[in-house]
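# Coordinate analysis (summary)
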Protein chains: 2
Amino acid sequence: MKFCSSCASPVQQSIPAGDNRLRWVCSGCKTIHYQNPNMVVGTVSTWDGRILLCRRAIEPRYGFWTLPAGFLENDETTEQGAERETREEAGAKITALKPFAMIDVPHVNQVHVFYRAEMLSPDLDPGEESLEAKLYSAQDIPWDHIAFRTVYKALKWFLEDQQTDPMFERSTFHYDAIALGSRQRSTA
Amino acid sequence: MKFCSSCASPVQQSIPAGDNRLRWVCSGCKTIHYQNPNMVVGTVSTWDGRILLCRRAIEPRYGFWTLPAGFLENDETTEQGAERETREEAGAKITALKPFAMIDVPHVNQVHVFYRAEMLSPDLDPGEESLEAKLYSAQDIPWDHIAFRTVYKALKWFLEDQQTDPMFERSTFHYDAIALGSRQRSTA
């Protein structure tokens, strides 16, 4: 950030009165330009026990497999955003969304939230951001080609829940934080 | 937003290629300036069964009672942010944080996440943003002077859990969205 988005004067870093962090403050109109983490929302969607994955057509991690997910937009709920991303990236129609997991990724200033969901049909129609979309049985998941650690973690949790709580009656909610440079762990 | 924070040229609203929403796009360097929801993180902290509330010393809702909570900052996890806000606003030292509730507030582009937590002592030292901090028994909660609907909802959920699951063994995670103009409901 170099200039004020309100008046175009240069911004400088300083700690505002009553605050304890460096912020970008306008040298002209004195507006404080806060910067905060973004949310990424997505789903673990299933049809007949198989899990919906998309192969990325965009960087980062072009060609790797991911759960349908993307940045939460203004004017929508996390649930609406998760449904929208699943529709946009996989062309999947889903229902019965339930909060499933939250994973902090502080080194990129993101918080990832995943919902569990049921597909209304096995029909898929991958969007521009996906090379393909596919339903995977547990034993076929391409673990060596998963795009992000948050996706890896969410998939592992989901499969564990399938074992210990097949009907998802407990509605377990999972939480973890991913540290920069930490090795991929199989479960939380 | 009027000017580009990278080059100070005027910005205009347009839908970028491959996108489907109006964004602020720089007329000079073509940078797209995305705007996304913010997260608010806080705690339902208890000591000896009583719940920690703070009376706001700032607008909005000056003088009303709230759970300690505030905007998630860059470079911290939601858990760290919730702990920090509880320390800053109430001077409370807490432990054993567990994800408790997520509430979408799309009309202000916010997502509120609350953790349950246990206080390490009953000592309080309210910060600049609080007129006072106080431990409330369930029967004494000032329901008519609660600052925000998200706080009201989180408190109701917490008290219900105390009734149905006194040891919090189920670790129930609550979710709801608050619609603009919807009336305050007692539970989700």
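Residues numbered from 1 in each chain as written. Chains lettered and ligands numbered in written order. Predicted model: local features only at pLDDT ≥ 70, side-chain atom pairs only at ≥ 80, totals over all residues. Heavy atoms only, no water.

### Side note on the sheet that holds strand β2 (residues 23-26) of chain B
Residues and elements named next belong to chain B. Spatial strand order, β1-β2-β3: three strands in an open sheet with antiparallel pairing. At either margin of the open sheet sits one strand with a lone partner, and together these are β1 (11-14) and β3 (32-33). Two elements, β2 and β3, share two bridges in a ladder whose sense is antiparallel. Pairing of V25 across the sheet is with I32, part of β3. (Pairing = 2+ DSSP bridges. Helix = DSSP H or I, 4+ residues; strand = E, 2+ residues; numbered from the N terminus.)

### Concerning the relation of the copies chain A and chain B
You can overlay chain A on chain B at an RMSD of 0.0 Å; the transform is a turn of 180° with a shift of 0.0 Å along its axis. Considering both components of the superposition, the chain copies are consistent with a two-fold axis. A share of 100% of interface residues in chain A that are also interface residues in chain B marks the association as one of identical surfaces. (Least-squares fit on C-alpha atoms with pLDDT ≥ 70 in both. Contact = heavy atoms within 4.5 Å.)

### Quick notes on the side chain of T43 of chain B
Residue and element names in this part refer to chain B. Structurally, the position occupied by T43 is in strand β4 (residues 38-47). Judged by its relative accessible area of 0%, T43 is buried. In terms of polar contacts, T43 uses its side chain to reach the side chain of S45, at 2.8 Å. Other than its neighbours up to four places away in sequence, T43 contacts L67, P68, A82, T86, I94, L97, F114, Y115 and A117. (Buried < 20%, exposed > 50% of the residue type's maximum accessible area, 1.4 Å probe, protein only. Polar contact = N/O pair within 3.5 Å; in protein donor to acceptor, adjacent residues only side chain to side chain.)

### Here we look at the environment of A138 of chain A
Residues and elements named next belong to chain A. Among the secondary structure elements, A138 is positioned in the loop between β10 (130-136) and α2 (149-164). Remark: the alpha-carbon pair of A138 and H107, spanning 31 residues in sequence, is separated by 30 Å. Setting aside chain neighbours within four positions, we find A138 in contact with W143 and L159.

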